[in-house]
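In case you want the letters, here they are:
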Amino acid sequence: MKVAVYPGSFDPTTNGHLDIINRASRLCDKLIVGVLDNKSKVPLFTVEERVAQLKEITKDFANVEIKAFSGLLVDFARANNSNIVIRGLRGVTDFSYEFQMALTNRALDSDLETLFISADTQYLFFSSSQVKEIASFGGDIANMVPEIINEQLFCLIFCSGNRFRFRGLSGK
């Protein structure tokens, strides 16, 4: 069985991420979407929320599993019997960073292969960071994220008792 891992922070999940999940799921028997719990960053959504969001978004994909992880990607891949890492690319700057990471991961585990999937042209021009920035100013992100993310992000920003942590909205 070919098991691939698609790691990321998914904070928030974008339609670009969903496109990569869709396309990568056709290349393997099982695709594990690894949601990184990076202790050095303050995410918009908790790792539990991101896992729940992705489970809802991918519920119709029979061969996709969502798991949280922390630590080294090579350890996560090994623990899930995978030697394939999927990474999405939007452009040259993504490639430079991702290529360096692929080489580093390969140095840590010589059996680990990284497959790059180029983003569909309609998703080339935005990132999770840009989505958060646009949303923080009340911009329309409906065409950039799945509906559940759009709703939850809107509520996170504008509902009472929000915990939005972006400049201009946190009051700090």
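A quick note: this is a predicted structure, and the numbers were derived from the prediction, not measured. (Residues numbered from 1 in each chain as written. Predicted model: local features only at pLDDT ≥ 70, side-chain atom pairs only at ≥ 80, totals over all residues. Heavy atoms only, no water.)

### With respect to the packing of helix H2 (residues 47-57) against helix H6 (residues 147-158)
The N-to-C vectors of H2 and H6 enclose an angle of 145 degrees; their axes lie 9 Å apart at closest approach. Only Ile148, Ile149 and Gln152 of H6 make contact with H2, whose side of the interface consists of Gln53, Glu56 and Ile57. Classifying every residue of the contact of H2 with H6 gives three nonpolar, two polar and one charged. (Axes fitted to C-alpha atoms, helices over the stretch in contact; angles between N-to-C directions. Helix = DSSP H or I, 4+ residues; strand = E, 2+ residues; numbered from the N terminus. Contact = heavy atoms within 4.5 Å. Nonpolar A, V, L, I, M, F, W, Y, C, P; charged D, E, K, R; others polar.)

### Considerations on the pattern of salt bridges
On inspection of all chains with the given rule, the structure shows eleven salt bridges. A salt bridge links Lys67 to Glu65; the nearest nitrogen and oxygen atoms lie 3.4 Å apart. What makes Glu65 partly exposed here is its relative accessible area of 28%. Of the charged contacts in the structure, one is a salt bridge between Arg78 and Asp75, with a shortest N-O distance of 3.2 Å. Here Asp75 and Arg78 lie together in helix H3 (residues 73-79), a separation of three residues that amounts to about one turn. (Salt bridge = Lys/Arg side-chain N within 4 Å of Asp/Glu carboxyl O. Buried < 20%, exposed > 50% of the residue type's maximum accessible area, 1.4 Å probe, protein only.)

### Some details on the environment of Leu18
Counting through the fold element by element, Leu18 comes out in helix H1 (residues 15-25). Residue class for Leu18 comes out partly exposed when judged on its relative accessible area of 22%. As for Leu18 and Thr58, which are separated by 40 residues in sequence, their C-alpha atoms are 8.1 Å apart.

### Let's talk about the nonpolar core
Grouped together as the largest cluster of nonpolar side chains are 19 residues, with contacts concentrated most on Tyr6, Leu31, Val33 and Ile86. Residue assignment for this core shows that the elements contributing at least two residues are strand E1 (3-8), H1, strand E2 (30-36), H2, strand E3 (64-69) and strand E4 (84-89). Counting 14 residues, the second largest nonpolar core, distinct from the first, contains Ile57, Phe126, Ile141 and Val145. (Core = buried A, V, L, I, M, F, W, Y, C linked by side-chain atoms within 4.5 Å.)

### Here's the deal with the pairing of E1
Counted residue by residue, E1 has six buried out of six residues, so it is predominantly covered. Here E1 shows a buried face lined by Val3, Val5 and Pro7 and a second buried face lined by Ala4, Tyr6 and Gly8. As a crossover connection, the stretch from E1 through H1 into E2 is right-handed. (Right-handed = clockwise from strand over helix to strand, strands pointing away.)

### A short note on the side chain of Ser128
Inspection of the secondary structure puts Ser128 in helix H5 (residues 128-136). In this structure the side chain of Ser128 is engaged in a polar contact, spanning 2.8 Å, whose partner is the backbone oxygen of Pro12. In contact with Ser128, other than residues within four places in its own chain, are Asp11, Pro12, Thr14 and His17. (Polar contact = N/O pair within 3.5 Å; in protein donor to acceptor, adjacent residues only side chain to side chain.)

### Structural notes on unusual backbone geometry
In terms of backbone geometry, most residues other than glycine have negative phi values and most peptide bonds are trans. The omega torsion of the bond from Asp11 to Pro12 falls at 0 degrees, within 30 degrees of zero and hence cis. With respect to the element layout, Pro12 can be found in the loop between E1 and H1. Phi at Phe10 is positive, roughly 50 degrees, even though this residue is not glycine. Mapped onto the elements of the fold, Phe10 is located in the loop between E1 and H1. One non-glycine residue with positive phi stands out, namely Asn81, at about 55 degrees. You can see Asn81 is positioned in the loop between H3 and E4.

### Digging into the sheet that holds E3
Across a sheet, paired strands are connected by hydrogen bonds in the backbone, their directions being either parallel or antiparallel. A sheet is described by the order of its strands in space; here five strands give the open sequence E3-E2-E1-E4-E5, paired in parallel fashion. Edge positions in the sheet fall to E3 and strand E5 (113-118), since each has one partner strand and no second. In this sheet, adjacent strand axes meet at a mean angle of 30 degrees when their direction is disregarded. On top of the sheet, H1 reaches E1, E2, E3, E4 and E5; it is set at about 120 degrees to E5, its chief contact. (Pairing = 2+ DSSP bridges.)

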